Amino acid sequence: MDKTQQIFQQYHRFDDGALVSIEQQYQPGGVQAVRIVLYARNHALDGDVWRQVAITVGEVREVLLKTPGNFINRICCGVKLLRFGDVWCVDVDGTYTHDDPATLDEVRRDGDCYVIGGTVEAIELD
């Protein structure tokens, strides 16, 4: 988990990056995992090197992907890694009253693109 949190810090929550893809992996019982691929700058490297990062949420409990037809894939408000009790929430570009939502209810009420699950892992792809 420390590596995932470190990636979120190095990439400054992927601000000004781009959403490349969102993939849902299904099992007979429903969504097993959601993989989000982002393209952003790693601010920990000299020259703020652009790379792709995959964030995989496992043991998925809830997914909401509400995007308009003319959706622009630019990340403006960041990708948030949130912990609520025994679940992780990855929120893509949500705008909230404060920087981070205080509860899952706030995410559900105001978020447009999020995944809630039991595990989360972020890795650099290149």
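See the structure printed just above.
These figures come from a predicted structure and were not determined experimentally. (Residues numbered from 1 in each chain as written. Predicted model: local features only at pLDDT ≥ 70, side-chain atom pairs only at ≥ 80, totals over all residues. Heavy atoms only, no water.)

Participant: Which parts of the structure should I look at to understand the nonpolar core?
Facilitator: The tendency in soluble globular proteins is for nonpolar side chains to be buried as a group. Grouped together as the largest cluster of nonpolar side chains are 23 residues, with contacts concentrated most on F14, I36, L38, I55, V79 and V90. Within the residue set of this core, elements represented by two or more residues are α1 (2-10), β2 (30-42), β3 (49-65), β4 (79-84), β5 (87-92) and β6 (113-124). Beyond its immediate chain neighbours, meaning those up to four positions away, V79 contacts F8, R13, F14, L38, I55, V90, D91 and V92. Formed by nine residues, the second largest nonpolar core is a distinct cluster that contains F84, V87, Y96 and V107. (Core = buried A, V, L, I, M, F, W, Y, C linked by side-chain atoms within 4.5 Å. Buried < 20%, exposed > 50% of the residue type's maximum accessible area, 1.4 Å probe, protein only. Helix = DSSP H or I, 4+ residues; strand = E, 2+ residues; numbered from the N terminus. Contact = heavy atoms within 4.5 Å.)

Participant: Even after reading the chapter, I still don't get the environment of D105, so can you show me in this structure?
Facilitator: With respect to the helices and strands, the residue D105 is situated in helix α2 (residues 104-110). Accessibility expressed as a relative area gives 54% for D105, which makes it exposed. Spatially, the C-alpha atoms of D105 and E23 are 24 Å apart, while their sequence positions differ by 82 residues.

Participant: Quick question: what am I supposed to make of a nonpolar patch on the surface here?
Facilitator: Taken together, V20, Y39 and W50 make up a surface patch of nonpolar side chains, about 270 Å² in accessible area. For V20, the location among the structural elements is in strand β1 (residues 18-27). Judged by relative accessible area, V20 falls into the partly exposed class, the value being 45%. (Patch = residues over 30% accessible without salt bridge, like charges linked within 9 Å, V, L, I, M, F, W, Y side chains within 5 Å. Areas by Shrake-Rupley, 256 points an atom, 1.4 Å probe, with all protein chains shown as cover. Salt bridge = Lys/Arg side-chain N within 4 Å of Asp/Glu carboxyl O.)

Participant: Honestly, the pattern of salt bridges in this entry has me stumped. Any pointers?
Facilitator: Working definition: two side chains of opposite charge can pair if their charged atoms are close together. The final tally for this structure, using the stated rule, is eight salt bridges. The closest approach of N and O atoms between D105 and R108, which form a salt bridge, is 3.7 Å. Pair noted here: D105 and R108 are both in helix α2, with a separation of three residues, about one helical turn. In this structure, R109 and D110 form a salt bridge, with 3.1 Å as the shortest nitrogen-oxygen distance.

Participant: Could you clarify how one ought to interpret unusual backbone geometry in this entry?
Facilitator: One can expect most non-glycine residues to show negative phi and most peptide bonds to be in trans. Even without a glycine there, the phi angle at H12 is positive, about 50°. Along the chain, H12 turns up in the loop between α1 and β1. Despite not being glycine, F14 shows a phi value in the positive range, around 65°. Residue placement: F14 occurs in the loop between α1 and β1.

Participant: I keep staring at the packing of aromatic side chains and nothing clicks. Help me out?
Facilitator: Any pair of aromatic rings gets described here by the distance separating the centres and the angle formed by the planes. This structure, assessed with the given rule, holds three aromatic pairs. Taking the centre distance of 5.3 Å and the plane angle of 20° together, the rings of Y11 and F14 count as stacked. Each member of the aromatic cluster is reached from another via a ring pair, and the members are F8, Y11 and F14. (Phe/Tyr/Trp six-rings, centres within 6.5 Å; stacked < 30°, edge-to-face > 60°.)

Participant: Help me out: how do you make sense of α1 in this one?
Facilitator: Each turn of an α-helix holds 3.6 residues, which means side chains three or four residues apart point in the same direction. All of the buried residues along α1 are T4, I7, F8 and Q10. Burial along α1 is one-sided: seen end-on, the buried residues are contained in an arc of 165°. Among the exposed residues of α1, those pointing more than 90 degrees away from its buried face are D2 and Q9. Along its buried surface, α1 packs onto β2, β3, β4 and β6. H12, located one to two residues past α1, shows a positive phi value of around 50°. (Arc of directions from axis to C-beta.)

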